[in-house]
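One-letter residues, chain by chain:
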Amino acid sequence: MAGIPDDRPFDEPRGRELTKGALEALPPNARVFLAAMERRFACKLYDGSPLAPELERYILECGRLSPSSFGLEHWHFVAVRDAELKEKLYVACFSQESVRSASLVVVTLARRGAAYKPDSAFIKGRAARFPGGWPVFRADYEGYYDYLAANNLLEHWARAQTYIASANMMTGAAACDIDSCAIEGFKEADVLAALGLDARLWLVGIITVFGRRAEESREKIREPLESVGEYR
Ligand SMILES: Cc1cc2nc3c(=O)[nH]c(=O)nc-3n(C[C@H](O)[C@H](O)[C@H](O)COP(=O)(O)O)c2cc1C
C-alpha cells in the first residue's frame, strides 16, 4: 500500500514530535524502534494468511522477554491459530472482526490472586531462580504483597503485567511488518470457557491479535507531548 505515511521503511521514522535535528541525532536503533512504534496501528481487519512459525515464535518471545513486577512473569500465553477456537473467541470478544480474521490470537492470562501468597508453590518456584532463592525473595516481596492483598489489588496488579507483554508483542510485530491490535473488549468467563480453563485459577489479562492488514492503516491521533506530559 504505497503512499501511506506509516508504511515508510524503518530507517525513515517520521518523529513528528521531534525536531529534524533531534531525529537525526538519534542512534540508528532508536530510529528503527521509533519507526516500529509509528508503524503500529490498531488493525481491525486481517487477511487471515498464516504467519511463519518463526514470526509467531518471535512475537511470543517479545512477550516472554517483557519485564514484570518482581520478575514474577505472572502470565501464560495461549497462542491460538485454530479457526474453530478463534471463532469461539470472536464470539467472546463481542463479535469483533479483528479476532476472527487475525492469523494469531494471543490470549495473555494471569494467575489469580491466591497464586501470589508469599509461600505459594508459584512464588516459591519463581523465587528459586533468583540469587538467594525464596528466603531472600520473600523478605523483599512480603511487604508489597501485604499492601496489595490488604487493598484488594492483587489481581489488578497481575493483570497490569500482561499489558506490558502485549505492548511489546505489538511493537515487535510492527518491526516485522505484522499488524496487531490489543483487545480489551472480551467477556472473561466466555474466553476462559472457550480455552477450557479454570476461572478459579486464571484470569484473562488482555488479548492481542496479529496478522496482515486487510484494511488501510490509519494516521495516529495523539495529543502533543506538552498536553500529556511535562518535565519537572
Ligand atoms: C488496552 C487496550 C485495549 C484495547 N481494546 C480494543 C478492543 O477491544 N477493540 C478494538 O477494536 N481496539 C482496541 N484497542 C485499540 C485502541 O482503540 C487503539 O489502540 C487506540 O484507539 C489508538 O489507536 P492506534 O493504536 O491505531 O494508534 C485497545 C487498545 C488498548 C491499548
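Residues numbered from 1 in each chain as written. Predicted model: local features only at pLDDT ≥ 70, side-chain atom pairs only at ≥ 80, totals over all residues. Heavy atoms only, no water.

Caption draft 1: Spatial organisation of the overall build of the protein chain. Counting its regular elements, the protein chain contains 10 helices and 4 strands. Reading the secondary structure of the protein chain in the N-to-C direction produces α-α-α-β-α-α-β-α-α-α-β-α-β-α. Referenced to the eigenvectors of the C-alpha coordinate spread, the extents of the protein chain come out at roughly 55 × 50 × 35 Å. In the protein chain, the proportion of contacts linking residues at least 24 apart, taken out of those at least 6 apart, comes to 75%. Carbon together with sulfur atoms contributes 56% to the accessible area of the protein chain, which is approximately 12,600 Å² in total. Of the charged side chains in the protein chain, 30 are positive and 33 negative; the average position of the first set lies 3 Å away from that of the second. (Helix = DSSP H or I, 4+ residues; strand = E, 2+ residues; numbered from the N terminus. Contact = heavy atoms within 4.5 Å. Areas by Shrake-Rupley, 256 points an atom, 1.4 Å probe, with all protein chains shown as cover. Lys, Arg positive; Asp, Glu negative; His and termini not counted. Charge placed at Lys NZ, Arg CZ, Asp CG, Glu CD.)

Caption draft 2: How the structure looks around the nonpolar core. Among the nonpolar cores identified, the biggest contains 25 residues, and V105, V107, V191, I207 and V209 are the most heavily contacted of them. Going through the elements one at a time, β1 (75-80), α4 (83-92), β2 (104-111), β3 (179-183), α9 (188-195) and β4 (202-211) are the ones with two or more residues in this core. Here V107 is in contact with H76, F77, V78, L89, V191, L195, V204, I206 and I207, once residues within four sequence places are set aside. Core analysis: the second largest hydrophobic core is formed by 15 residues, F122, F137, L148 and L154 among them. (Core = buried A, V, L, I, M, F, W, Y, C linked by side-chain atoms within 4.5 Å. Buried < 20%, exposed > 50% of the residue type's maximum accessible area, 1.4 Å probe, protein only.)

Caption draft 3: Looking closely at helix α7 (residues 133-150). For α7, with 18 residues, the first-to-last C-alpha span of 25 Å sits near the 26 Å given by 1.5 Å per residue. A maximum bend of about 40° is found in α7 at Y141. If you check which residues of α7 are buried, you get G133, F137, Y141, Y145 and L148. At the exit of α7 stands N152, carrying a positive phi of roughly 55°. (Expected span 1.5 Å × (residues − 1). Bend = angle between axes of the 7 residues up to and from the residue.)

Caption draft 4: Examining the environment of S101 more closely. Residue placement: S101 occurs in helix α5 (residues 97-101). Spatially, the C-alpha atoms of S101 and P27 are 37 Å apart, while their sequence positions differ by 74 residues. In this structure, S101 is in contact with K44, L45, Y46, D47 and G48, ignoring residues within four places of it in sequence.

Caption draft 5: Layout of the site of the ligand. Close contacts around the ligand come from 14 residues, with R40, A42, Q96, E184 and R222 the closest. In this structure, an oxygen atom belonging to the ligand sits 3.0 Å away from a main-chain N or O atom of G185. Protein coverage of the free-state accessible area of the ligand, which is 610 Å², stands at 64%. For the shell around the ligand, the leading source of residues is β3, giving 3 residues. Its residues assigned to classes, the shell around the ligand comprises 7 nonpolar, 2 polar and 5 charged. (Near = heavy atom within 4 Å. Polar contact = N/O pair within 3.5 Å; in protein donor to acceptor, adjacent residues only side chain to side chain. Nonpolar A, V, L, I, M, F, W, Y, C, P; charged D, E, K, R; others polar.)

Caption draft 6: Molecular detail of the sheet that holds β3. Read across the open sheet, the 4 strands follow the order β1-β2-β4-β3; overall the sheet is antiparallel. The open sheet has two edge strands, β1 and β3, and neither has a second partner. Ignoring strand direction, the axes of neighbouring strands in this sheet form an average angle of 20°. Where β3 lies against β4, 5 bridges are found, and the strand directions are antiparallel. Residue pairing for β4: A182 is matched across the bridge by T208. (Pairing = 2+ DSSP bridges. Axes fitted to C-alpha atoms, helices over the stretch in contact; angles between N-to-C directions.)

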